[in-house]
Amino acid sequence: MVQKYQSPVRVYKHPFELVMAAYERRFPTCHLIPMFVASDVVNEETSEDESTHRIERRCALDVDAPRLLKRIAGVDYVYFIQKNTLNRKERTLHIESHNETFSNRVIIHETCCYSVHPENEDWTCFEQTASLDIKSFFGFESTVEKIAMKQYASSINKGKEIIEYYLRELEEEGITRVPRWTPSSLSLPPPRPTSLSTSPPDLPKLVVTPAVSIPLPANARDDNSEDAKQDSSVLQADSLTEILAGTPEDKLDADYIKRYLGDLTPMQESCLIRLRKWLQETHKGKIPKDEHILRFLRARDFNMDKAREILCQSLTWRKQHQVDYLLETWSSPQVLQDYYTGGWHHHDRDGRPLYILRLGQMDTKGLVRALGEESLLRHVLSINEEGLRRCEENTKVFGRPISCWTCLVDLEGLNMRHLWRPGVKALLRIIEVVEANYPETLGRLLILRAPRVFPVLWTLVSPFIDENTRKKFLIYAGNDYQGPGGLVDYIDKEIIPDFLGGECMCEVPEGGLVPKSMYRTAEELENEDVRLWTETIYQSASIFKGAPHELLIEIIDASSVITWDFDVCKGDVVFNIYHSKRAPQPPRKDPLGAHGITSPGGNNVQLIDKSWTLGQDYSMVESPLTCKEGESVQGSHITRWPGFYILQWKFHNMPACSATNLPRVDDVLATLQVSSHKCKVMYYTEVLGSEDFRGSMTSLESSHSGFSQLSAATTSSSQSQSSSMISR
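Residues numbered from 1 in each chain as written. Predicted model: local features only at pLDDT ≥ 70, side-chain atom pairs only at ≥ 80, totals over all residues. Heavy atoms only, no water.

Enquirer: Just to check I follow, could you spell out the pattern of salt bridges for this structure?
Expert: Pairs can form between side chains of opposite charge whenever their charged atoms are close. Under the definition given, this model contains 29 salt bridges. Between Lys 319 and Asp 567 there is a salt bridge whose closest N-O contact spans 3.0 Å. Of the two residues, Lys 319 sits in helix H9 (residues 304-320) while Asp 567 sits in strand S16 (residues 561-570), which places them 248 residues apart along the sequence. Judged on exposure class, the residue Lys 319 and its partner Asp 567 are both buried. Where Lys 628 meets Asp 572, a salt bridge forms, and the shortest distance between an N and an O atom there is 3.6 Å. With Lys 628 in the loop between strand S21 (625-627) and strand S22 (632-638) and Asp 572 in the loop between S16 and strand S17 (573-580), this residue pair connects regions lying 56 residues apart in the sequence. A residue is classified by how much of its surface remains accessible, and Lys 628, at 23% relative accessible area, is partly exposed. What makes Asp 572 buried here is its relative accessible area of 4%. (Salt bridge = Lys/Arg side-chain N within 4 Å of Asp/Glu carboxyl O. Helix = DSSP H or I, 4+ residues; strand = E, 2+ residues; numbered from the N terminus. Buried < 20%, exposed > 50% of the residue type's maximum accessible area, 1.4 Å probe, protein only.)

Enquirer: What is the right way to read the pairing of strand S3 (residues 36-46) from this model?
Expert: Look at any regular strand and the pattern is simple: side chains alternate between the two faces of the sheet. One ladder, built from nine bridges, connects S3 with strand S4 (residues 52-61); its direction is antiparallel. Looking at the pairing, Ala 38 lines up with Ala 60 of S4. The turn joining S3 and S4, which pair antiparallel and follow one another in sequence, is formed by five residues; a positive phi near 65 degrees is taken by Glu 50. (Pairing = 2+ DSSP bridges.)

Enquirer: What exactly am I supposed to notice about the nonpolar core here?
Expert: Here is a general trend for soluble globular proteins: nonpolar side chains tend to be buried in one another's company. Tyr 340, Leu 367 and Leu 411 are the most contacted members of the largest nonpolar core, which totals 50 residues. If you list the elements that add at least two residues to this core, you get helix H11 (334-339), strand S10 (353-357), helix H12 (364-371), helix H13 (373-398), strand S11 (405-410), helix H14 (421-437), strand S12 (442-450) and helix H15 (454-461). If you look at the next biggest cluster of nonpolar residues, it comprises 28 residues, including Phe 16, Leu 18, Val 63 and Leu 93. (Core = buried A, V, L, I, M, F, W, Y, C linked by side-chain atoms within 4.5 Å.)

Enquirer: I tried to follow the side chain of Asp 348 on my own but got confused; where do I start?
Expert: Within the secondary structure, Asp 348 sits in the loop between strand S9 (342-347) and S10. Given a relative accessible area of 1%, Asp 348 falls into the buried group. Reaching out from Asp 348, the side chain makes a polar contact with the backbone nitrogen of Arg 352 at a distance of 2.8 Å. A distance of 2.6 Å separates polar atoms of two side chains, one belonging to Asp 348 and the other to Thr 406. (Polar contact = N/O pair within 3.5 Å; in protein donor to acceptor, adjacent residues only side chain to side chain.)

Enquirer: Looking at this structure, how should I read helix H1 (residues 16-24)?
Expert: One turn of the α-helix equals 3.6 residues, which is why residues spaced by three or four share an orientation. Most of H1 is tucked away, with eight of its nine residues classed as buried. What H1 keeps buried is the set Phe 16, Glu 17, Leu 18, Val 19, Met 20, Ala 21, Ala 22 and Tyr 23.

Enquirer: Whenever I open this one, the packing of aromatic side chains confuses me. Can you help?
Expert: Aromatic ring pairs are reported here in terms of the distance separating the ring centres and the angle at which the planes meet. Per the counting criterion, the structure on display carries 17 aromatic pairs. With centroids separated by 5.2 Å and ring planes inclined at 75 degrees, the aromatic side chains of Tyr 165 and Tyr 166 adopt a geometry described as edge-to-face. Ring geometry for Trp 612 against Tyr 618: centres 5.8 Å apart, planes inclined by 40 degrees, an arrangement best described as tilted. In this structure, Trp 612 and Tyr 618 share a single accessibility class: buried. Ring pairing ties together the aromatic residues Trp 564, Phe 566, Phe 575, Trp 649 and Tyr 683, which thus form one cluster. One cation-aromatic arrangement involves Arg 259 over Tyr 260; the distance from NZ or CZ to the ring centre is 4.4 Å. Lying across the ring of Phe 499, Arg 358 places its NZ or CZ 3.9 Å from the centre. (Phe/Tyr/Trp six-rings, centres within 6.5 Å; stacked < 30°, edge-to-face > 60°. Lys NZ or Arg CZ within 6 Å of the ring centre and 35° of its normal.)

Written out as structure tokens, the structure reads:
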């Protein structure tokens with residue numbers, strides 16, 4: 001398996017030339033990097049105007065590996081080739097490095113770039129990418145991979161500290177500025193060959209950095225107090241545009257990550273950046289906010305493939321059920337306002353929003369009988385959406401990353417009534433939905449005054465709660481919460497609610513029994529449940545090999561406009577549009593048993609009769625469009641004739657050779673696609689008169705169906721001719 005690394009944009013708040021001067025001091029060896037034992041200049045050349053300088057080095061590393069492994073490999077040092085191109089005129093340094101030792105067994109490739117900050121010419125930016133591919137290594141592939149990744153992460157962590165060490169050393173020597181290059185100001189010494197030796201060769205001073213220790217951060221800080229104060233003031237800015245000002249191609253800035261997302265290891269930063277980039281390429285205009293992506297990565301221990309899968313499922317769920325607009329559209333019924341014993345209450349000692357739930361005082365049976373399971377679920381989802389909003393707000397207020405909230409559950413009054421089976425069933429479903437779509441949002445759960453019946457309830461619900469979430473539970477029986485290690489360790493004394501012995505008035509309803517006069521019949525609840533969860537303009541369909549899904553649209557007036565907006569949730573599909581003068585037979589659902597499919601997972605309708613001939617009975621009016629998994633497609637077609645139009649989503653058969661020639665973006669999807677014989681799409685269509693074409697917000701700005709609350713920005717599509725737009 002190929003291991004990849006992508007750094008965020010690191011910013012040195014020093015001029016490019018001064019940073020380069022600091023790098024010159026790292027050669028031929030660096031006492032701060034014991035494993036970097038020597039380097040040899042293999043080739044060196046300078047352009048006629050001396051603006052461009054290229055140098056190639058052979059670097060020796062003493063890798064910290066078990067002695068047995070070194071003896072088996074038959075080497076003491078590992079050698080790397082590093083090629084640097086310094087452009088003094090453009091003020092850039094490009095570095096490419098690869099391993100020379102074991103190059104037929106292990107492939108290590110690294111690229112780095114230093115450049116001037118686009119918004120501040122006195123600052124320097126740094127970026128880095130790397131890949132590790134171990135083909136074979138005497139049966140020790142896994143061990144070598146772990147050693148390589150450990151040492152690489154260690155060198156990344158040290159990188160920024162080392163550069164800042166030399167920057168301080170320059171300042172102590174009185175060097176605070178290095179003149180910029182001008183056509184006549186530089187004069188390099190002539191190139192001369194050197195040889196690798198244990199004693200440091202006399203190398204020309206060049207702007208370089210060794211492949212073994214690229215300047216990436218990690219908790220490294222400049223000791224200059226004035227600079228530190230200025231840095232702090234910059235990071236405290238409320239506006240994200242100030243933090244990210246000038247970062248090219250919407251790349252993540254290291255200072256932004258630290259300020260808004262927290263301390264991440266280099267590999268965690270890399271996972272975030274790579275998943276974010278993948279989403280940019282496949283969900284253009286609908287990218288979730290960085291903190292939301294990070295939650296899914298944390299929920300899967302930064303396994304990118306697993307995080308990508310559950311995140312895409314969640315984004316589809318949000319779009320299908322219009323969850324992004326829940327806070328704007330959902331209004332709690334009066335019975336919830338009166339009898340739902342939960343509400344937000346200040347924040348805990350860590351600045352996390354605090355939600356209080358007096359579960360013991362809640363009539364769960366009465367609420368389920370009066371409202372139904374779906375209304376309760378929507379209410380809980382609105383609470384989670386509000387929690388996300390409060391986390392963003394508190395991040396700005398407290399000047400540090402706050403991505404989760406604290407929940408205090410008071411079980412005083414819990415009894416067997418709370419174990420009513422339909423109520424427990426509703427609770428389990430709510431837990432399932434929240435766990436799938438709001439991972440890592442619960443920072444701490446404080447359970448107070450747990451009665452004897454609590455272990456029964458805990459036995460029922462705990463298997464449905466993620467293990468990482470269960471570790472955040474703190475349970476107090478009786479009045480234990482009032483002593484040392486209790487509530488005051490997590491919540492300021494001034495905001496402890498009055499019903500827990502504190503002095504703060506809490507506006508959470510006291511609850512009580514829901515009057516039976518408010519109960520609704522089973523039929524009413526069933527109809528209401530259907531209405532609530534069909535409040536979506538999207539439909540879903542499954543596509544199988546040999547069984548496309550087809551949608552019939554009858555057009556009365558020529559020059560009408562058919563518009564569509566669909567997401568490819570699973571697999572690759574081919575989208576076609578056909579026209580026929582005669583109506584197809586009534587829709588038939590494909591017998592899935594013929595395809596060996598036992599779980600349909602969606603609708604599948606076929607309209608085109610097997611006896612029809614293309615070009616005679618029906619014709620193709622748009623070129624086939626191949627759509628990849630994860631893509632969002634919006635488009636329109638201006639009809640030329642009245643009649644019957646058929647939109648078709650067809651299973652895309654991948655060529656036999658494609659498994660080895662996938663585009664880079666699809667690498668993470670390959671394992672899911674190659675063996676699958678089922679695709680799934682979620683679609684919406686609309687027919688407009690030509691005079692109304694430009695006025696349809698749902699069609700022409702179909703990206704508004706994207707993730708408004710979770711996206712930093714959205715884009716819109718506007719097609720006045722036959723067209724399709726794929727968000728990749």
